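# Observations on the model geometry
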Amino acid sequence: MDKKEHFGSKFGAMAAIVGSAVGLGNIWRFPYMAGANGGGAFIVMYLGFVLMVGLPIVLSEFSIGRAGKGNASSSFSTLARGTKWYLIGILGVVTAFTIMTFYSIIAGWTAHFLKEAILNRFAHQSEAELTASFKSFVNSGWQPIIWACLTVALTATIVSRGVKKGVEKFNKILMPTLVAIILVMCINSMTLSGFGEGMDFLFNPDLSLLTWQSALDALGQVFFTLSVGMGVMITYGAYVRQEENMVKSKAIVVLIDTSIAIIAGIAIFPAVFTYNIPPTSGPDLVFLVLPNIFSQMPGGYFFAILFFVLLLIAAVTSTISLCEVITSYFTDKFRVSRRVAVWVAASVIMVLGSLSAISQMDGSHIRIAGLNQFDFFDTLSSNYMLIGGGLGIVIFAGWFFGRRNLYNIMTYNGRYNLGFIFPVLMFFIRFVAPLAIAVLFLSKLGIFKM
Ligand code: PHE
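Heads up: these notes are all about the structure in this document. Each chain carries its own residue numbering, running from 1 in the written order of its sequence. Residue-level local features of this predicted model are given only where pLDDT is at least 70; pairs of side-chain atoms are given and counted only at 80 or more, and the full residue set underlies all totals for whole chains, interfaces and linings. Side-chain measures here rest on the full set of heavy atoms in the structure, leaving out hydrogens and waters.

### Digging into the nonpolar core
In summary, soluble globular proteins display a tendency toward joint burial of nonpolar side chains. Of all hydrophobic cores here, the largest spans 162 residues; its most connected members are Phe 287, Phe 307, Phe 308 and Met 410. By the criteria applied, helices consist of DSSP H or I runs no shorter than four residues and strands consist of E runs no shorter than two, each listed in order from the N terminus. No other element matches helix α14 (residues 300-334), which puts 19 residues into this core. By definition, residues are in contact when any of their heavy atoms lie within 4.5 Å. Contact partners of Phe 307, with chain neighbours within four places excluded, come to Ile 27, Met 185, Val 286, Leu 290 and Phe 294. Nine residue types can take part in a nonpolar core, namely buried Ala, Val, Leu, Ile, Met, Phe, Trp, Tyr and Cys, and a core is a set of them joined through side-chain atoms within 4.5 Å. Each residue is assigned to one of three classes by its accessible area relative to the maximum for its type, calculated with a 1.4 Å probe on protein chains only: buried under 20%, partly exposed between the two thresholds, exposed over 50%.

Shown next as structure tokens:
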């Protein structure tokens, strides 16, 4: 089924895809994962996986959308009639819902923190006071729910305007803003006394910290940060004009996404060392540690606002892509209008997201497999669903869709000469990526232990 919607320009398509990739994953998750896994050692593995697994999957997934020209699921049906491959796409749509339920909570926290920053609430607060006010925010229950619903509503409003007038238009404005802000933050960080120590932590790999678990975390992070394994690239791939040199443009996307994660690290860790805060503090890094730093640093009022604007832009441009995967599927499958599809999806997300927010309150009894609902959905989606989906996608692309078809799609029927890059990519797609994922996946499932 041919999609009627397309991105209007090359830059718009690039902004939308980078907008999906660059998100909380880069600025919230990457720094704390790197911090918790020993900094440099983690980054070395992360970069290896980006190149050998991430880029090949981005290209496979994008090719499926470009050739199948449909939504995350129908693209498979078009390319493999009468088979069950389309189930990978359905898994992707379910994954989009799952990610949205916890992602929107963090996006909501971000919006709340932006309000706090504007009202200058971090100034002259001790660490204990900042922690107490964060806890009371989370434990109020209704506050995180309202903020999360607001970010979901904002996303839905943008997506309901359509691919060109909504998704593309907003990304075209927001993504350059994001890049400008993160560069300002990074330059500021270079003036801090802890810059050297921060750089050392980030880039001096202590190889003794390389463990099997940190390798798994690094691979999971690559999936999450590149938005692969669930159909964003399929859905957006169908909206991009065929004549674009996709290998080049996707390599640029991966490069930008990776650079922004590293730049976020450069912006955050020197500050952490300057103010003597342990770098290993986990998911709270951005919400507890940074306000504490902003309250002490010169110009902190300004930088706090800038930072939470940055984080909110990163979050919303990613929730837009998650919402678009669902919308594209719903409009085709149930033949409803875009507006109906978007708001039905948004309502379901708001309800599930609210339960996640409630499950984070102290004393909540909502537990699935021993985890609160928030952690359960986070772990389930990043560690199982994205990775499972990604495995299906590379196997489909490398072995079912096959070399000849991939060649035609990636080179636009031979128009772009990829030279030695194509055979190398094929090797990664057929062997390296599936193997790495299979090892990770099986060990996550506890089927074997290294
Ligand atoms: N890539 C986004 C981030 O880094 C998260 C995301 C995952 C978005 C999967 C869409 C799909 O924050």
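That was the structure; now back to the text.
### Things to note about the pattern of salt bridges
Within this document, salt bridges are pairs made up of a side-chain nitrogen of Lys or Arg and a carboxyl oxygen of Asp or Glu, the two lying within 4 Å of each other. Applying the stated criterion across every chain yields a total of 7 salt bridges. One salt bridge connects Glu 244 with Arg 66, and the closest N-O pair in it is separated by 3.6 Å. Taken together, the residues span a long stretch of sequence, with Glu 244 in the loop between α11 (232-237) and α12 (246-274) and Arg 66 in helix α3 (residues 40-68) at a distance of 178 residues. Each member of the pair, Glu 244 as well as Arg 66, is classed as buried. The closest approach of N and O atoms between Lys 250 and Glu 244, which form a salt bridge, is 3.7 Å. Like Glu 244, Lys 250 is buried. Through salt bridges with shared partners, a single ionic network connects Glu 5, Glu 324 and Arg 338.

### Things to note about the packing of aromatic side chains
For Phe, Tyr and Trp, where Trp contributes only its six-membered ring, two rings pair if their centres lie within 6.5 Å, and the inter-plane angle classes them as stacked under 30 degrees, edge-to-face over 60, or tilted in between. For the structure shown, the criterion picks out 35 aromatic pairs. Ring plane angle 15° and centroid distance 6.4 Å describe the contact between Phe 396 and Phe 401, whose orientation is recorded as stacked. Ring geometry for Phe 427 and Phe 428: centres 6.4 Å apart, planes at 45°, overall tilted. Among the aromatic residues, those joined into a ring-pair cluster are Trp 109, Phe 113, Phe 122, Phe 134, Phe 287, Phe 294, Phe 307 and Phe 308. The rule for a charge over a ring is simple: NZ of Lys or CZ of Arg within 6 Å of the ring centre, and within 35 degrees of the ring normal. When the ring centre of Phe 224 is taken as origin, the NZ or CZ atom of Arg 29, which lies over that ring, is 4.8 Å away. Here the basic side chain of Arg 430 rests over the ring of Trp 399, its NZ or CZ set 4.5 Å away from the ring centre.

### Digging into the site of the ligand
Working definition: residue near molecule or strand if any one of its non-hydrogen atoms lies within 4 Å of it. Lining the immediate surroundings of the ligand are 16 residues, of which Ala 21, Gly 25, Tyr 103, Phe 224 and Ser 227 lie closest. In protein, a polar contact requires one atom able to donate a hydrogen and another able to accept it; more generally it is a pair of N or O atoms within 3.5 Å, and residues adjacent in sequence count only if both atoms are side-chain atoms. Asn 26 places a side-chain nitrogen or oxygen 3.3 Å from an oxygen atom of the ligand. A distance of 2.8 Å separates a nitrogen atom of the ligand from a polar atom in the backbone of Phe 224. Note on areas: these come from Shrake-Rupley sampling with a 1.4 Å probe, and a residue is covered only by the protein chains present in the view. When the ligand sits alone it has 320 Å² of accessible area, and the protein chains cover 100% of it. Counting only elements with at least two residues in the shell around the ligand, the list comes to α1 (10-21), α2 (24-36), α5 (86-118), α10 (212-225) and α14. Of the residues contributing to the shell around the ligand, the split by class is 8 nonpolar, 8 polar and no charged. Side-chain classes are defined by residue name, with Ala, Val, Leu, Ile, Met, Phe, Trp, Tyr, Cys and Pro counting as nonpolar, Asp, Glu, Lys and Arg as charged, and the others, Gly among them, as polar.

### Topic: a nonpolar patch on the surface
Residues Phe 334, Val 336, Val 340, Val 344 and Val 348 make up a contiguous nonpolar surface patch of about 380 Å² in total accessible area. Considering each element in turn, the nonpolar patch owes the most residues, 3 residues, to helix α15 (residues 338-359). By the element assignment, Val 340 lies in helix α15. Looking at Val 340, the relative accessible area reads 42%, which means it is partly exposed. Patch membership requires more than 30% relative accessible area and the absence of a salt bridge. Residues of like charge join within 9 Å; the nonpolar side chains Val, Leu, Ile, Met, Phe, Trp and Tyr join within 5 Å.

### Observations regarding the packing of α2 against α12
Fitted lines through C-alpha atoms give the axes, limited to the stretch in contact for helices. The angle between two N-to-C directions lies from 0 to 180 degrees. Between α2 and α12, the least distance of the axes is 9 Å, while the angle of their chain directions is 65°. Here α2 is positioned roughly perpendicular relative to α12, judged by the angle of their axes. Between α2 and α12 lies a crossing of right-handed hand. For the pair α2 and α12, the contacting residues are Asn 26, Ile 27, Phe 30, Pro 31 and Gly 35 in the first and Asp 257, Ile 260, Ala 261, Ile 262, Ala 264, Ile 268 and Phe 269 in the second. Our angle categories are set so that under 35 degrees counts as roughly parallel, over 145 as roughly antiparallel, 65 to 115 as roughly perpendicular, and the remainder as oblique. For any pair of crossing helices, the crossing counts as left-handed if the nearer helix is rotated counterclockwise from the farther one by less than a right angle, and right-handed if it is rotated clockwise.

### A closer look at helix α7 (residues 142-160)
A helix's residues, less one, multiplied by 1.5 Å, set its expected span. Its 19 residues give α7 an end-to-end C-alpha distance of 26 Å, which sits within 8% of 27 Å, the value for a rise of 1.5 Å per residue. Within α7, the full set of buried residues consists of Pro 144, Ile 145, Ala 148, Thr 151, Val 152, Thr 155, Ala 156, Ile 158, Val 159 and Ser 160. Buried positions along α7 lie against α5, α6 (127-139), α8 (163-190), α14 and α15. Note on α7: the residue one or two positions beyond its end, Gly 162, has a positive phi of about 105°.

### What about the side chain of Thr 411?
With respect to the element layout, Thr 411 can be found in helix α16 (residues 373-411). Under the relative-accessibility criterion, Thr 411 is labelled buried at 0%. Apart from the residues lying within four places of it in its own chain, the contact partners of Thr 411 are Tyr 416 and Leu 418.

### Quick notes on the packing of α5 against α15
Running from amino to carboxyl end, α5 crosses α15 at an angle of 60°, the nearest separation of the two axes being 8 Å. Classified by the interaxial angle, the pair formed by α5 and α15 is oblique. Considering only the axes of α5 and α15, their crossing is right-handed. Residues Phe 97, Met 100, Thr 101, Ser 104 and Ile 105 of α5 lie in contact with α15, whose contacting residues are Ala 345, Val 348, Ile 349, Leu 352, Gly 353, Ser 356 and Ala 357. Class assignment for the residues of the contact of α5 with α15 results in 8 nonpolar, 4 polar and no charged.

### Some words on a positive patch on the surface
Here Asp and Glu are counted as negative and Lys and Arg as positive; His is not counted, and neither are the chain ends. Where a charge sits is defined by one atom per residue type, namely NZ (Lys), CZ (Arg), CG (Asp) or CD (Glu). Taken together, the side chains of Arg 161, Lys 164, Lys 165, Lys 169 and Arg 241 define a basic patch exposed on the protein surface. Position of Arg 161 relative to the elements: it lies in the loop between α7 and α8.

### Observations concerning the environment of Thr 258
Examined against the element boundaries, Thr 258 turns out to sit in helix α12. Under the relative-accessibility criterion, Thr 258 is labelled buried at 10%. The spacing of Thr 258 and Thr 331 is 73 residues in sequence and 33 Å in space, taken between C-alpha atoms. Ignoring sequence-local partners within four residues, the contact set of Thr 258 consists of Tyr 46, Leu 47 and Val 50.

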